[in-house]
Amino acid sequence: MSDSGCRKCCGCQGAGRSGAPVPFCCRRSPRMLRLFSVVITAGLLLACLTAYVLENYTTQPAYTAAGREHPRAGQPPYPGRGMDNIFWFLQVSDLHISKFRDPQRTPDFKKFCTETVDVIRPAIVFVTGDLTDAKTKNRIGSVQHEIEWQTYQSVLKQSRVLEKTKWIDIKGNHDAFNIPSLESVNNYYRKYSAHRQDGSFHYVHKTHFGNYSFICADATPSPGPKRPLNFFGFLNQNKMDELSKLASETVSSNQTIWLGHYTTSTIVSASPGIQQVMGSAIAYLCGHLHTLGGLMPVLHTRHSQGTLELELGDWMDNRKYRLMAFDHDLFSFVDLKFDKWPVVLITNPKSALYRSPGREPLGKIKHSTHIRVLAFSPSQITSVLVSIDGITVGTAVHIRGPLFSIVWRAEDYSKGMHYIEVHAQDTAGRTTVKGHDFVVEEIRLLPFDIVASFILLTRHYIMARVLFVLVFLANIIIILAFRYQRKPQLKESPGVFTLTIFSFHVLCKTSIFYYSVLLFTCYVAVGPWFIGEVIDGKFGACFVFGVVVDGQFLEGSLTFIFGILQLTFFNIPLMCYLCWCLLLRCRGACFRSHVKYTGWIRTIPMHLFIAAFLMWQVYSCYFLLVTYGTAAFFLSPVRTWSVLLALVLIYKAWTLNNSSIRTFKAEMKNCPYS
């Protein structure tokens, strides 16, 4: 650049010609431009992703009182002093009764069926799946243990819980592990459960003040493969048509609740989709995710149609259960820890977060005359103290059964958000404090936790498909591009970036490596990963897009996630390691002498890097052997065969000396390593 040109751009007045530093704006570094472009592109993508997440997982449906008001919102009866227009019920999920683990799980469940049910006296108890564990002792394999089902049934019989309440248990994915058909003798759900009928169904709870519909959706696959291939539920078109018919039967009911084992985000459903079919329900109750190992103790959200989705923590480790009530058709609930007393549920005024405009008569809150609280304990409740916004309202009066109430003036709280808190104490000295925000007048719905909404609202099987395709295409494009792109001219002391590009050219222009890596990557997307006993006695083939077993096709879901892991943690690292090895070969190194070119500090991490991924792949082979049998282990191109392929390619990378390698060696002969 001339002095005049430099002055025009920044006024540096010829800096650099006399040895002075050249200003940054005068430098024309292609590397900096590339880095700047990458940063800008990444920033734009991140901004788009952030906008999408905020739009879809924080913005709640904007119901208006004028357009979505419940037809009975202003009609009596209103929540008052009496024990009328109210009933309550329980949910428990993911029992996982096991013959191998946690011997206290079953005795605690028996105590739940005796003491907890005796104290609360629910109208209905729903058990939303995974009644038994159905795992082998090593927790890797899956098999239906009849003794686990017999244990479950014996608890129901010994506690006589079926005589005390309506007990409805539905299947979970563990209850369908390794079952070739619904008619199989291993389908112990038909023999030992309380409901004993496969498929979705509609139960109507009838009261003198109206009917309440409960639709139980069975999304377990049939046939039921071994774990982990049935982590996702499946609802084909026939099952969706059946559910649509059941939904139409609820038109005359006061309220409708749907139940299932799987969260809607882990159900692969045909058109129009499970969330749309249950769109008129006030809530969907489920389990399955086990609070994600304690990372998400509360997994609640709202669908775009307005239906609440309320995942319940598991009984297996957390001993969770849920108390719910309809009080004058207002839905309230509280998630509880087993054997913690007293149990308290505020039914009026209900929580502002879980309001459902148009689905429940919220207008009855402002016409109500009493605050209403359900309080339960094995010991007598001695006091139920109510406060609002930190100001004591008074002690609620015991009406009958678990109902306590106290007079209030709803109009005094008509403006804005308020907080109600209840302190309940029993004769044993135990105290429970429960509270929530509430509103009397209509306001915009409150947002749920963004992470919980993402987990429950995202169709993860679709996201997994998209990510797999993107990772696959990126891998293929890189391989093809370096194969047909002209290789760079090496200059003296090339940088790391240039050497990296050069190493990919060496890999892709050496046919044995190019075709091996390309075909193996393509095979992950199109070929069967393994052929083995997907179900005991039933051979099947697993592809990334689904599983074929016993003449049935189960659409891909978790398989796409496994595909992403395969490409990310084996195919791509293997390709990078081969590039590194070939670059050293072109520098004239062999395996015995390559340390002098890189030093121990660089060499050891690289070898540990590939060793870790090889061990991960070897463990995957072991998992395949234990889960799907010997045939699956030997007939697995993506797992077992790939380990052998990787070892052969690594060996060739250090020993191959064909014309292509010699040509690249010659190009780097006079190029100092950096």
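Residues numbered from 1 in each chain as written. Predicted model: local features only at pLDDT ≥ 70, side-chain atom pairs only at ≥ 80, totals over all residues. Heavy atoms only, no water.

Thoughts on the overall build of the chain
Cut-off, in case you're wondering: The secondary structure listing takes helices from DSSP runs of H or I that are at least 4 residues long and strands from runs of E that are at least 2 residues long, numbered from the N terminus. Classification of residues uses two cut-offs on accessible area relative to the type maximum, computed with a 1.4 Å probe and protein chains only: under 20% is buried, over 50% is exposed, and between them is partly exposed. We call two residues contacting when some pair of their heavy atoms lies within 4.5 Å.
Counting its secondary structure elements, the chain contains 19 helices and 25 strands. Within the span of the chain, comprising 674 residues, buried residues form 53% of the whole. Sequence separation of 24 or more characterises 73% of the internal contacts of the chain that already satisfy a separation of 6 or more.

Some remarks on unusual backbone geometry
Working note: non-glycine residues mostly have negative phi, and peptide bonds are mostly trans. Residues Ser271 and Pro272 are joined by a peptide bond in cis, for which omega reads 5°. Relative to the helices and strands, Pro272 resides in the loop between β8 (267–269) and α9 (274–277). Cis peptide bonds are those with omega within 30 degrees of zero, and the linkage from Asn348 to Pro349 qualifies with 0°. Looking at the element boundaries, Pro349 is found in the loop between β14 (343–348) and α10 (363–367). Despite not being glycine, His96 has its phi angle at roughly 55°, a positive value. Inspection of the secondary structure assignment puts His96 in the loop between β1 (86–92) and α4 (105–120). Phi angles above zero are rare outside glycine, and Leu292 is one such case at about 50°. You can call Leu292 partly exposed: its relative accessible area is 32%.

So, the nonpolar core
How we decide: Joining through side-chain atoms within 4.5 Å is the link that ties buried Ala, Val, Leu, Ile, Met, Phe, Trp, Tyr and Cys residues into a set, and such a set is a nonpolar core.
Counting 59 residues, the largest nonpolar core has Phe468, Leu507, Phe513, Phe530, Leu578 and Ile650 as its most contacted members. In terms of residue count, the dominant contributor to this core is helix α15 (residues 558–586) (15 residues). With residues up to four places along the chain from it excluded, the contact list for Phe530 reads Gly540, Ala541, Cys542, Leu624, Tyr628, Ala632, Leu635 and Ser636. Membership of the second largest hydrophobic core comes to 36 residues, among which are Ile86, Trp88, Ile120 and Tyr189.

A word on the sheet that holds strand β18 (residues 397–400)
In sheet architecture, strand pairing relies on hydrogen bonds along the backbone and comes in two forms, parallel and antiparallel. What counts here: Note on pairing: two strands pair once DSSP finds at least 2 bridges between them. Orientation is described by axes fitted as lines to C-alpha atoms, over the contacting stretch for helices, and by angles from 0 to 180 degrees between their N-to-C directions.
On the basis of which strands lie adjacent, the open sheet formed by four strands has the order β14-β15-β19-β18 and antiparallel pairing. Because the sheet does not close on itself, it has two edges, and the strands there are β14 and β18. Neighbour to neighbour, the strand axes of the sheet diverge by 30° on average, direction disregarded. Direction of pairing for β14 relative to strand β15 (residues 370–376): antiparallel, over a ladder of five bridges. Residue pairing for β15: Leu345 is matched across the bridge by Leu374.

Structural notes on the sheet that holds strand β5 (residues 210–217)
Pairing within the open sheet is mixed, and its six strands lie in the order β4-β5-β7-β9-β11-β10. If you trace the sheet from one side to the other, it starts and ends with β4 (201–207) and β10 (299–302), each paired once. Across the sheet, the mean angle from the axis of one strand to that of its neighbour is 20°, orientation sign disregarded. With four bridges joining them, β10 and strand β11 (residues 308–311) adopt antiparallel strand pairing. Residue Arg302 lies in a different strand from β11, and its bridge partner there is Leu308. Along the sheet, helix α8 (residues 237–248) makes contact with β4, β5 and β7 (255–260), crossing β5 at roughly 170°. Strands in contact with helix α11 (residues 450–457) are β10 and β11; relative to β10, the strand with the most contacts, it is inclined by about 75°.

Re the pattern of salt bridges
Basically, it comes down to this: Basic side-chain nitrogens of Lys or Arg form a salt bridge, by our definition, when they fall within 4 Å of a carboxyl oxygen of Asp or Glu.
The tally for this structure, following the rule as stated, stands at 21 salt bridges. Residue Asp335 pairs with Arg322 through a salt bridge whose shortest N-O separation is 2.5 Å. Within this pair, whereas Asp335 is found in strand β13 (residues 330–337), its partner Arg322 is found in strand β12 (residues 320–327), the two being separated by 13 residues in sequence.

Here we look at the pairing of strand β9 (residues 283–286)
The two faces of β9 match: Ala283 and Leu285 on one face and Tyr284 and Cys286 on the other face are all buried. The pairing of β7 with β9 spans three bridges and is parallel. Within the sheet, the bridge partner assigned to Ile257 lies in β9 and is Ala283. As judged from the four bridges shared by β9 and β11, these two strands associate in the parallel manner. Paired with Leu285 across the two strands is Leu310, which belongs to β11.

Points about helix α14 (residues 511–526)
The test is simple: One less than the number of residues in a helix, times 1.5 Å, gives the span that helix is expected to have.
Its 16 residues place the ends of α14 22 Å apart at the C-alpha level, agreeing with the 22 Å of an ideal helix rising 1.5 Å per residue. Of the residues making up α14, those classed as buried are Phe513, Tyr514, Ser516, Val517, Leu518, Phe520, Thr521, Val524 and Ala525.

Remarks on the packing of aromatic side chains
For clarity, the threshold we go by: A pair of aromatic rings is counted whenever rings of Phe, Tyr or Trp (Trp by its six-membered ring) have centres within 6.5 Å, and the orientation is called stacked for planes under 30 degrees apart, edge-to-face for over 60 and tilted otherwise. Remark: a charge is flagged as sitting over a ring if the NZ atom of Lys or the CZ atom of Arg is within 6 Å of the ring centre and within 35 degrees of the ring normal.
Throughout the structure, instances matching the rule amount to 41 aromatic pairs. Consider the rings of Phe333 and Tyr354, whose centres lie 4.7 Å apart with planes at 75°: the pair is edge-to-face. Of this pair, Phe333 sits in strand β13 while Tyr354 sits in the loop between β14 and α10, and the two are 21 residues apart along the sequence. Residue class for Phe333 comes out buried when judged on its relative accessible area of 14%. Residue Tyr354 is classed as buried on the basis of its relative accessible area, which comes to 14%. Linked through ring pairs, Phe87, Phe89, Phe126, Phe209, Tyr212, Phe214, Phe326, Phe331, Phe333, Tyr354 and Phe448 together constitute an aromatic cluster. Over the ring of Tyr514 we find Arg483, and its NZ or CZ is 4.2 Å from the ring centre.

Some remarks on the packing of α14 against α15
In plain terms, the rule: Working definition: roughly parallel below 35 degrees, roughly antiparallel above 145 degrees, roughly perpendicular at 65 to 115 degrees, and oblique for all remaining angles. Polar here means any residue other than Ala, Val, Leu, Ile, Met, Phe, Trp, Tyr, Cys and Pro, which are nonpolar, and Asp, Glu, Lys and Arg, which are charged; Gly is therefore polar.
Two elements in contact, α14 and α15, have axes whose closest approach is 11 Å; the angle formed by their N-to-C orientations is 175°. Compared by their axis directions, α14 and α15 come out roughly antiparallel. Contact with α14, carried on its side by Phe513, Val517, Phe520, Thr521 and Val524, involves Gln566, Leu567, Phe570, Asn571, Met575, Leu578 and Leu582 of α15 and no other residues of that element. By residue class, the composition of the contact of α14 with α15 is nine nonpolar, three polar and no charged.

Examining the confidence of the model for the chain
Basically, it comes down to this: The pLDDT value expresses, per residue, how confident the predictor is, ranging between 0 and 100.
Taken residue by residue, the chain gives an average pLDDT of 88. The fraction at 70 or more is 88%. Confidence drops under a pLDDT of 50 for residues 1–28, and excluding neighbours within four residues, the segment shows 25 contacts in the predicted structure. Segment residues 62–67: pLDDT under 50, and 10 contacts once partners within four positions in sequence are set aside and those in other chains are kept.

Thoughts on the environment of Phe214
Within the fold, Phe214 resides in strand β5. Take Phe214: its relative accessible area is 0%, and that puts it in the buried class. Sequence-wise, Phe214 and Thr256 are 42 residues apart; in three dimensions their C-alpha atoms are separated by 5.9 Å. Non-local contacts of Phe214, meaning those with residues more than four positions away in its chain, are made with Phe87, Phe89, Ile124, Phe126, Phe201, His202, Tyr203, His205, Ile257 and Leu259.

Overview of a nonpolar patch on the surface
Condition: To count toward a patch, a residue needs a relative accessible area over 30% and no salt bridge; like charges are then connected within 9 Å, while nonpolar side chains (Val, Leu, Ile, Met, Phe, Trp, Tyr) are connected within 5 Å. Using a 1.4 Å probe, accessible areas were evaluated by the Shrake-Rupley method; residue-level cover was limited to the displayed protein chains.
Together, Phe454, Ile462, Met463, Val466, Leu467 and Leu470 make up an exposed nonpolar region whose accessible area comes to about 480 Å². Sorting elements by how many residues they give to the nonpolar patch places helix α12 (residues 460–484) first, with five residues.

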